[in-house]
Amino acid sequence: MGIKGRSGVRKKRPSAEDLFVLNGKPTFLQAFPLSMQHVAAMIVGCVTPAIIVAGASGLSDSDSVILIQAALVISAITTILQLYPLFKGKNISFGSGLPIIMGISFAYVPTMQAIAEEFDVATILGAQIVGGIVAAIVGIFVKQIRKLFPPLITGTVVFAIGLSLYPTAINYMAGGTGNENYGAWQNWLVAFIVLAIVTFLNHYGKGIFKLASILIGIIIGYIISLFFGMVDFSSVATASWFQLPQPLHFGIKFEASSCVALGLLFAINAVQAIGDFSATTTGGLDRMPTDEELNGGIVAYGVSNVVGALFGGLPTATYSQNVGIVSSTKVVARKVFGISAGILLLAGLIPKFSSILITIPYCVLGGATISVFASIAMTGVKLITAEPMDFRSTSIVGLAVALGMGVTQANAALATFPGWVTTIFGKSPVVLATMTAVFLNLVLPKPKSNAKGNEKQ
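Residues numbered from 1 in each chain as written. Predicted model: local features only at pLDDT ≥ 70, side-chain atom pairs only at ≥ 80, totals over all residues. Heavy atoms only, no water.

Asks: Tell me about the environment of Gln186, and name the residues and values.
Replies: Tracing the backbone shows Gln186 in helix α7 (residues 185–204). Distance from Gln186 to Ala433, taken between C-alpha atoms, is 36 Å for residues 247 residues apart in sequence. Here Gln186 is in contact with Phe228 and Met230, once residues within four sequence places are set aside. (Helix = DSSP H or I, 4+ residues; strand = E, 2+ residues; numbered from the N terminus. Contact = heavy atoms within 4.5 Å.)

Pasting the structure below:
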């Protein structure tokens, strides 16, 4: 019996062609290398937000390990829920059923840093529960809500996220704020070596060397940092070999301004996920996603974040770099992605592995992540320029980014306002930039066009 199509009849015996069928059953040996490719492309991005939040919160090494563990475990579970929907209904579904990878998202890092510095991890998790509920509601009413977030608006938000992460990367390259060797030449040397390796592999590498460029850069940078005496293995020695996630280890706290800030970001990321779902289906399945798939994918994204918060897992989102792999390889078999999730789950259950991750020097992480943050910003630029950059568009983007970045960089600008105003608008530029962009897009008049389609100036 032959294969009719990517979602058609499967062969009785596994073959290489099963890799290109959504419900295909390739052998483990066929699927495993491709699964590792997905893990290599996303694992650094998955654990780094947890490391950044742990540092901002001042967590101990043991608590940092638990936070990283939870990040890996929740990423694995949310990926599985997307791959294998729990149910599909007429008006609401749970899970997209698409070949997608979920992981802890950098999009939330600026706001999480602000909340962590002002409050604690428990406050982040409480706000995440509210955000997850918001995302689930967006999923239910995705058709109506997505109109508020055209590419111009989502691009502005993504651009602001990328810009706001630059100081974090630079501080990390210098050794990490608070480090007694902050700014030392050794830190900068290691950071630039890592950056050079990542950049070289991104432009000249092929196959796994290009896809895993960040991971390779970190490994080489880590080895170099050993010779400078930058690595402390004491936390690894005391870590256990196996440990289940610890529900409510950090507690849950609800603080109004934090809930508003993260809730808005969840709404934005829920809409932005439509782009990743669409890119996955068009690149790997030669079609657009169905309303049922979008509804189920976003609802599952919201609900899984609510559950993830109870286990200490930070906010997750679809991973665009893995979407890129799907588009380039055309491999869509869910078994490949299920194995990737299994690898993440196994890594999350081994504290030894998580403890090794927190020994990575900040300068190594800085050299690797600055290219990630640059990529985020430029992704925003691509989304923005997908529409004609007329006077209206440049006004929306320019004012949104100017207000968002300007207010947060002028630290005393909101000193006379209540504390909740500073938490929502003054700590991270993303919220203010988002609200400004959405508001301006609604109120500014759209340019009229003449019969030939040219704008009247």
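Asks: Let's hear about empty space enclosed by the protein: which residues, and what values?
Replies: Summed over the entire model, instances satisfying the criterion amount to 1 cavity of 30 Å³ or more. In this structure, the largest cavity occupies an estimated 40 Å³ of space. Around the largest cavity, the lining residues are Ile66, Gln69, Ala70, Gln243, Leu244, Pro245, Gln246 and Phe311. In terms of residue class, the lining of the largest cavity is built from 5 nonpolar, 3 polar and no charged. (1 Å grid on protein atoms, 1.4 Å probe; cavity = no way out; pocket = protein on both sides within 12 Å on 5 of 7 lines; lining within 4 Å. Points joined across faces, edges and corners; volume = space filled by probe spheres on them. Nonpolar A, V, L, I, M, F, W, Y, C, P; charged D, E, K, R; others polar.)

Asks: So what about the packing of helix α3 (residues 109–118) against helix α6 (residues 151–173)? Which residues, and what values?
Replies: Remark: α3 packs on α6, axes separated minimally by 9 Å, with the N-to-C direction vectors making an angle of 50 degrees. Of the possible angle classes, the one that applies to α3 and α6 is oblique. Across the interface between the two elements, Val109, Pro110 and Gln113 from α3 touch Ile161, Ser164, Leu165 and Thr168 from α6. Residues that form the contact of α3 with α6 fall into these classes: 4 nonpolar, 3 polar and no charged. (Axes fitted to C-alpha atoms, helices over the stretch in contact; angles between N-to-C directions. Parallel < 35°, antiparallel > 145°, perpendicular 65-115°, else oblique.)

Asks: Account for the pattern of salt bridges, with residues named and values stated.
Replies: Counting across every chain of the model gives 2 salt bridges. For Lys253, the salt bridge goes to Asp120, with nearest N and O atoms at 2.8 Å. Taken together, the positions of Lys253 in the loop between α10 (234–238) and α11 (256–284) and Asp120 in the loop between α3 and α4 (121–140) put the pair 133 residues apart, joining distant regions of the chain. A relative accessible area of 43% places Lys253 in the partly exposed class. Two residues, Glu293 and Arg287, come together in a salt bridge whose shortest N-O distance is 2.9 Å. You can call Glu293 buried: its relative accessible area is 9%. (Salt bridge = Lys/Arg side-chain N within 4 Å of Asp/Glu carboxyl O. Buried < 20%, exposed > 50% of the residue type's maximum accessible area, 1.4 Å probe, protein only.)

Asks: Describe the side chain of Ser258, naming the residues involved and giving the relevant values.
Replies: Topologically, Ser258 is positioned in helix α11. What makes Ser258 buried here is its relative accessible area of 0%.

Asks: If you had to explain unusual backbone geometry to someone new, which residues and values would you point to?
Replies: Phi is positive for Leu248, close to 60 degrees, though the residue is something other than glycine. With respect to the secondary-structure elements, Leu248 resides in the loop between α10 and α11.

Asks: Give me helix α1 (residues 28–57): which residues, what numbers.
Replies: Across its 30 residues, α1 extends 41 Å between first and last C-alpha, which sits within 8% of the 44 Å expected from 1.5 Å per residue. When the local axis directions of α1 are compared, the greatest deviation, roughly 40 degrees, occurs at Met42. (Expected span 1.5 Å × (residues − 1). Bend = angle between axes of the 7 residues up to and from the residue.)

Asks: Account for a nonpolar patch on the surface, naming residues and giving values.
Replies: The grouping of Leu86, Phe87, Ile92, Ile133, Ile137, Ile140 and Phe141 at the surface amounts to a nonpolar patch, some 640 Å² of accessible area in total. Assignment of secondary structure puts Phe87 in strand β1 (residues 87–88). Judged by relative accessible area, Phe87 falls into the partly exposed class, the value being 43%. (Patch = residues over 30% accessible without salt bridge, like charges linked within 9 Å, V, L, I, M, F, W, Y side chains within 5 Å. Areas by Shrake-Rupley, 256 points an atom, 1.4 Å probe, with all protein chains shown as cover.)

Asks: Mind laying out the confidence of the model for the chain, listing which residues take part and the relevant values?
Replies: Close reading of the predicted structure is inappropriate where its pLDDT is low. Within the chain, residue pLDDT values average 82, and 92% of them lie at 70 or more. Taken element by element, the chain is modelled with least confidence in helix α13 (residues 320–329), mean pLDDT 71, and with most confidence in α4, mean pLDDT 93. Under a pLDDT of 50 for its full length, residues 450–457 has, in the predicted model, 7 contacts with residues more than four places off or in other chains. (pLDDT = per-residue confidence, 0-100.)

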